[in-house]
Amino acid sequence: MLPWHSKQPNHISQDITLIAHRELFGVTLLQYRADRAARAPPPPPPPPPVVREQCNASVDELVRAPCGHHYCAEDVQQVFSLALQNEAFYPPRCCRQPLDFEATRALLGQDLAARFEGKREELDDKARLYCHDGSCSAYIPAINRAYTVALCRTCNEFTCVSCKNRMHPGRACPPDPDKQAILDIARQEGWQKCNGCGNMVELRTGCNHMTFVCSSQFLET
């Protein structure tokens, strides 16, 4: 009499063999991963503080950036001041990683920290709106904007959200000849307009990858 398993169809025997191989492979793979993890070297320690030679700050007076570099008060103040002076350096960063404002606040000093905090909302705003009054031109935060109009809390003037001119209730946005003249020149010269901040840019040299001051990017064709 033949053994029981020999009476089974061939495809059942093949399935049983395949399952056994899969289970064996799975156990072997898990064991291999466990052995490799046990033999793996420990992670490297964090980099030591990188301090300028002329800096006299102690390690306790430094702030650690996300990339691992360390900044003293003088250095971090320079980075944040530069970000306020030139938007291309905003947000303040090291190795392309933004610095934590709250972690560096104590080193910034009261005046610089207050100026940066007051300017941060404007710099983070991708659809900025300013008062239409040229003698004011104050930034209007999003909380003071409605669907079509915005209120400037500095001079209490209303600005149209669409055309950025004086509010004109019940009427379509009037044409702006000065703006149209700029757009005509831009079209003739091949300038590109940023969809984020509305600034114009001209590509003279380099690749077609454009980065605006508001951090918006696109490829010029």
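- Under an unreviewed UniProt entry, the name given to the protein is IBR domain-containing protein, and the organism recorded is Cercospora beticola.

Overview of the overall build of the protein
Moving on, step 1. Looking only at helices and strands, the protein has five helices and ten strands in total.
Moving on, step 2. Relative to its full complement of 221 residues, the protein shows a buried share of 22%.
Moving on, step 3. Expressed as a percentage of contacts within the protein between residues at least 6 apart in sequence, the contacts between residues at least 24 apart total 30%.
Moving on, step 4. For the protein, the exposed surface amounts to about 16,100 Å²; the carbon and sulfur share of it is 55%.

Let's talk about the packing of helix H2 (residues 73-85) against helix H4 (residues 110-124)
Moving on, step 1. Running from amino to carboxyl end, H2 crosses H4 at an angle of 40°, the nearest separation of the two axes being 10 Å. Compared by their axis directions, H2 and H4 come out oblique. Judged by the twist between their axes, the crossing of H2 over H4 is left-handed. Contact residues: H2 offers Gln 77, Phe 80, Ser 81, Ala 83 and Leu 84, while H4 offers Leu 112, Arg 115, Phe 116, Lys 119 and Leu 123.
Moving on, step 2. Its residues placed into classes, the contact of H2 with H4 shows six nonpolar, two polar and two charged.

About the cut-offs
Residues numbered from 1 in each chain as written. Predicted model: local features only at pLDDT ≥ 70, side-chain atom pairs only at ≥ 80, totals over all residues. Heavy atoms only, no water. Helix = DSSP H or I, 4+ residues; strand = E, 2+ residues; numbered from the N terminus. Buried < 20%, exposed > 50% of the residue type's maximum accessible area, 1.4 Å probe, protein only. Contact = heavy atoms within 4.5 Å. Areas by Shrake-Rupley, 256 points an atom, 1.4 Å probe, with all protein chains shown as cover. Axes fitted to C-alpha atoms, helices over the stretch in contact; angles between N-to-C directions. Parallel < 35°, antiparallel > 145°, perpendicular 65-115°, else oblique. Left-handed = near helix turned anticlockwise from the far one by under 90°. Nonpolar A, V, L, I, M, F, W, Y, C, P; charged D, E, K, R; others polar.

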